[in-house]
Amino acid sequence: MTGDLFELDAGIEARQQHLAPGAVLLRGFAGAASHSLSDGLQSVIAEAPFRHMVTPGGLSMAVAMTNCGDYGWISDRAGYRYDAIDPESGRPWPPMPEAFPRLVREAAAAAGFNEFVPDACLINRYGTGAKLSLHQDKDERDFGQPIVSVSLGVPATFLFGGTKRAGRTLRVPVQHGDVLVWGGPARLNYHGVLPVKAAHHPFAGTHRINLTLRRAA
Ligand code: SIN
Ligand code: FE2
């Protein structure tokens, strides 16, 4: 009996990787929720399709995006911000499918952040070669709230740095079902995604999908 328990604990430990104080990778944490996440994603994109937003400088972003929840993250010539209205439809963003906040609440708690209630979910879709440059998430009101990022579909390399752009950057391989949580002392750490390599995964074909859940307001 005790042998079994010990093995279980060791398994859980091996699946949790501490990247920095306040930053944890939960390997495979979302794997069991894959089907409900997929159903939720389909319902969101039926109402708010993926689109390539424009940066304040006027360039089309390589990563296609959409949102669900009370607030959506948007970029256009006027800048980066959260808005309750989808600029493409003129309507509120679709509600967050139940499976999303349920999963990320558990993930945040596993990483030591209790009572996380997200009000914004950014959905990123990476095609082959798409990348996300190093940046900080700082359009939210309360940096006391963590960020929970769910990787789905084809694998990628997530970059996780420190609070300065020029600092040391970890290369973290992320696969379908992996969940990254960062908050507290890591809340403003730089992060990004290396160009996604050509691959195929049953979840979304050649795409990598990322759900980023935050408390925006
Ligand atoms: C983000 O930083 O907004 C998304 C990161 C990711 O796609 O893993
Ligand atoms: Fe980010």
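A short tour of the structure in this document, coming up. (Residues numbered from 1 in each chain as written. Chains lettered and ligands numbered in written order. Predicted model: local features only at pLDDT ≥ 70, side-chain atom pairs only at ≥ 80, totals over all residues. Heavy atoms only, no water.)

### Quick notes on the sheet that holds strand β12 (residues 191-193)
Applicable threshold: Strands pair, by our definition, only if DSSP identifies at least two bridges between them. Per the convention used, a helix needs a DSSP run of H or I reaching at least four residues, while a strand needs a run of E reaching at least two, with both numbered from the N terminus. Where helices are involved, their axes are fitted lines through C-alpha atoms of the stretch in contact, as for all axes, and angles between N-to-C directions lie from 0 to 180°.
Taken together, four strands build an open sheet; the order of strands is β7-β12-β9-β10 and the sheet is antiparallel. Sheet topology places β7 (132-135) and β10 (170-174) at the edges, where each strand pairs with a single neighbour. On average, each strand axis in the sheet is tilted by 20 degrees relative to the strand beside it, whichever way the strands run. Where β7 and β12 come together, two bridges link them in antiparallel fashion. Bridging across to β12, His-135 finds its partner in His-191.

### Some remarks on the nonpolar core
For soluble globular proteins, nonpolar side chains are generally found buried alongside one another. We count it as follows: Here, nonpolar core means buried Ala, Val, Leu, Ile, Met, Phe, Trp, Tyr and Cys residues that are tied together by side-chain atoms lying within 4.5 Å of each other. In this scheme, a residue with accessible area under 20% of its type's maximum is buried, one over 50% is exposed, and one in between is partly exposed, where area comes from a 1.4 Å probe on protein chains only. Residue contacts are counted whenever heavy atoms from the two residues lie within 4.5 Å of one another.
Core analysis: the largest hydrophobic core is formed by 31 residues, its most contacted members being Leu-37, Phe-100, Ile-123, Val-150 and Leu-211. Of all the elements in the fold, those that place two or more residues in this core are β2 (23-26), α2 (34-47), β3 (64-69), α3 (99-110), β6 (120-126), β8 (147-153), β11 (179-182) and β13 (208-214). A per-element tally of this core places α3 first, with six residues. With residues up to four places along the chain from it excluded, the contact list for Leu-37 reads Ala-30, Ala-99, Phe-100, Leu-103, Val-150, Leu-152 and Leu-211. The next biggest cluster of nonpolar side chains, apart from the first, holds 30 residues, and it includes Ile-74, Ala-120, Phe-160 and Ala-216.

### Looking at the environment of Ala-33
Note that Ala-33 resides in the loop between β2 and α2. The class of Ala-33 is buried, set by a relative accessible area of 17%. In this structure the C-alpha to C-alpha distance between Ala-33 and Ala-111, which are 78 residues apart in sequence, comes to 18 Å.

### Observations regarding the pairing of β11
Covered by surrounding structure in β11 are Val-179 and Val-181 together with Leu-180 and Trp-182, the residues of both alternating faces. Where β2 and β11 come together, four bridges link them in antiparallel fashion. Opposite Leu-26, over in β11, you have Val-179 as the bridge partner.

### Topic: the coordination of the iron ion (ligand 2)
This is how it is decided: Excluding water, the donors of a metal are its N, O and S neighbours within 2.8 Å, or within 3.2 Å for Na, K and Ca, and that exclusion means sites may look incomplete.
Listed as protein donors to the iron ion (ligand 2) are His-135 (NE2), Asp-137 (OD) and His-191 (NE2); their distances from the metal cover 2.1 to 2.2 Å. Sequence spacing of the donors to the iron ion (ligand 2): H-x1-D-x53-H. Of this pair, His-135 sits in strand β7 while His-191 is found in strand β12, placing the two residues 56 residues apart along the sequence.

### What about the site of ligand 1?
What counts is decided by this rule: A molecule or strand has a residue near it when one of that residue's heavy atoms lies within 4 Å. Here a polar contact means two N or O atoms within 3.5 Å. Within protein one must be a hydrogen donor candidate and the other an acceptor candidate, and residues neighboring in sequence count only if both atoms are side-chain atoms. The accessible surface values rely on the Shrake-Rupley method and a 1.4 Å probe; as for residues, cover is taken only from the protein chains in view. Gly is placed with the polar residues, together with every amino acid not listed as nonpolar (Ala, Val, Leu, Ile, Met, Phe, Trp, Tyr, Cys and Pro) or charged (Asp, Glu, Lys and Arg).
Around ligand 1 lies a shell formed by Asn-124, Tyr-126, Leu-132, His-135, Ser-149, Phe-158, His-191, Val-193, Arg-208, Asn-210, Thr-212 and Arg-214. Within the contact set of ligand 1, an oxygen atom lies 2.4 Å away from a side-chain nitrogen or oxygen of Tyr-126. If ligand 1 stood free it would expose 260 Å²; the protein chains cover 98% of that surface. Elements with a minimum of two residues in the shell around ligand 1: β6, β7, β12 and β13. In terms of residue count, β13 provides more of the shell around ligand 1 than any other element does, four residues in total. Considering only residue class, the shell around ligand 1 consists of four nonpolar, six polar and two charged.

### Comments concerning the packing of α2 against α3
Describing two packed helices takes the angle between their axes plus the distance from one axis to the other. Selection rule: Throughout, the term roughly parallel applies to angles under 35 degrees, roughly antiparallel to angles over 145, roughly perpendicular to angles from 65 to 115, and oblique to all others.
Where α2 contacts α3, the two axes come as close as 9 Å, and the packing angle between them is 135 degrees. It follows that α2 is oblique to α3 by the angle criterion. Facing α2, whose interface residues are Ser-36, Leu-37, Gly-40 and Leu-41, α3 presents Ala-99, Phe-100 and Leu-103.

### As for the state of the cysteines
Stated formally: Any two cysteine sulfur atoms lying within 2.5 Å of each other are counted as a disulfide.
Across all of its chains, the model carries zero disulfides by this definition. Here Cys-68 is not cross-linked by a disulfide; its sulfur's nearest cysteine counterpart is in Cys-121, at 3.9 Å.

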